[in-house]
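Letter by letter, the chains look like this.
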Amino acid sequence: MRRTLVISLAALTLTTAVVAGCGNSGGTSAASGTTKNSSPAKPAPAESNPAGDIPDDQAYVAYTPAKGGFSVKVPEGWSRTSSGNAVTFTDKLNRIEVSSVNAPTPPTAGSVTSSVVPTLKKQVPNFSSGRATAVTRPAGKGVLLTYKGDSAPDPVTGKVVHDAFERYSFHKGGKEVDLTLSGPVGADNVDPWKIVSESLRWQ
């Protein structure tokens, strides 16, 4: 009788342990009430722009040369350098050059092809020309020359980037303004370049 009672108590203890183990196998901790098998939520990936792409939220400010005559919008915060009658705005791999010269007659697609292209061939490494076409912007009629070429070597790394160029020429009252916009081939800067080219205003 005593031996049977001992065996029964042992069996009862084992059964209780098994039941308790099964109760916790679902992954819920009694102490914390959390699910052990749940995975933490992954953070959303940060947005990034490919090399040469100007951000969609880029702000623009008006630039007017000291002598006046015109104004044009350029990206805010870009580095600015001046040389002669030209001023250049740069940021990373993108570049905007604004220059003005006295010109008695407006440029045409033919005059740009015959006079500007040969000069660029000498100045721009690995130059390849697209074509010159007549365009109309708020500043009036102008000429757009598209071409490609290598950038100057990076002063630190020596890296050279193959760029795509858009050169706009506008004319009014004996003055010609040239806007040269450039960035890596393949960069999607259609909208930023449109903002700049359409922002020219005569004063």
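What counts and how
Residues numbered from 1 in each chain as written. Predicted model: local features only at pLDDT ≥ 70, side-chain atom pairs only at ≥ 80, totals over all residues. Heavy atoms only, no water. Helix = DSSP H or I, 4+ residues; strand = E, 2+ residues; numbered from the N terminus. Buried < 20%, exposed > 50% of the residue type's maximum accessible area, 1.4 Å probe, protein only. Areas by Shrake-Rupley, 256 points an atom, 1.4 Å probe, with all protein chains shown as cover. Pairing = 2+ DSSP bridges. Salt bridge = Lys/Arg side-chain N within 4 Å of Asp/Glu carboxyl O. Contact = heavy atoms within 4.5 Å. Axes fitted to C-alpha atoms, helices over the stretch in contact; angles between N-to-C directions.

1. A closer look at the overall build of the chain
Part 1 of the argument: On a plain count of helices and strands, the chain comes out with 3 helices and 10 strands.
Part 2 of the argument: Counting all 203 residues of the chain, 33% fall into the buried class.
Part 3 of the argument: Summed over all atoms, the accessible surface of the chain reaches about 13,200 Å², with 55% contributed by carbon and sulfur.

2. Topic: the pairing of strand 8 (residues 162-172)
Part 1 of the argument: Pairing of strand 7 (residues 140-150) with strand 8 involves 9 bridges; the strand directions are antiparallel. Bridged to Val143 within strand 8 is Ser169.
Part 2 of the argument: Pairing between strand 8 and strand 9 (residues 175-184): 10 bridges, direction antiparallel. Bridge pairing in strand 9 places Lys172 opposite Lys175.
Part 3 of the argument: Linking strand 8 to strand 9, which pair antiparallel, is a turn of 2 residues; within it Gly173 sits at a positive phi near 55 degrees.

3. Here we look at the pattern of salt bridges
Part 1 of the argument: A complete count under the given rule lists 3 salt bridges for this structure.
Part 2 of the argument: Glu97 serves as the salt-bridge partner of Arg95, at 3.1 Å between the closest nitrogen and oxygen.
Part 3 of the argument: By relative accessible area, Arg95 is classed as partly exposed at 31%.
Part 4 of the argument: Given a relative accessible area of 23%, Glu97 falls into the partly exposed group.
Part 5 of the argument: Close ionic contact of Arg167 with Asp178 constitutes a salt bridge, the shortest N to O distance being 3.2 Å. Of this pair, Arg167 sits in strand 8 while Asp178 sits in strand 9, and the two are 11 residues apart along the sequence. Here the two residues Arg167 and Asp178 agree in accessibility, since each one is buried.

4. Observations concerning the sheet that holds strand 2 (residues 70-75)
The strands making up a sheet associate through hydrogen bonds between their backbones, and the pairing can be parallel or antiparallel.
Part 1 of the argument: Reading across from one edge, 1-2-10 is the order of the 3 strands in this open sheet, with antiparallel pairing throughout. In this open sheet, the two strands that pair with only one neighbour each are strand 1 (60-63) and strand 10 (201-202).
Part 2 of the argument: Bridge count for strand 2 against strand 10 is 2 bridges, and the pairing is antiparallel. Looking at strand 10, one finds that Phe70 is bridged to Trp202.
Part 3 of the argument: On top of the sheet, helix 3 (residues 190-198) reaches strand 1, strand 2 and strand 10; it is set at about 30 degrees to strand 1, its chief contact.

5. As for the environment of Phe70
Part 1 of the argument: Along the polypeptide, Phe70 turns up in strand 2.
Part 2 of the argument: For Phe70, a relative accessible area of 2% translates into the label buried.
Part 3 of the argument: Taking the C-alpha atoms as reference, Phe70 lies 6.9 Å from Leu200; in sequence the two are 130 residues apart.
Part 4 of the argument: Aside from chain neighbours lying at most four places away, what touches Phe70 is Tyr63, Thr64, Pro65, Val98, Ser100, Val177, Leu200, Arg201, Trp202 and Gln203.

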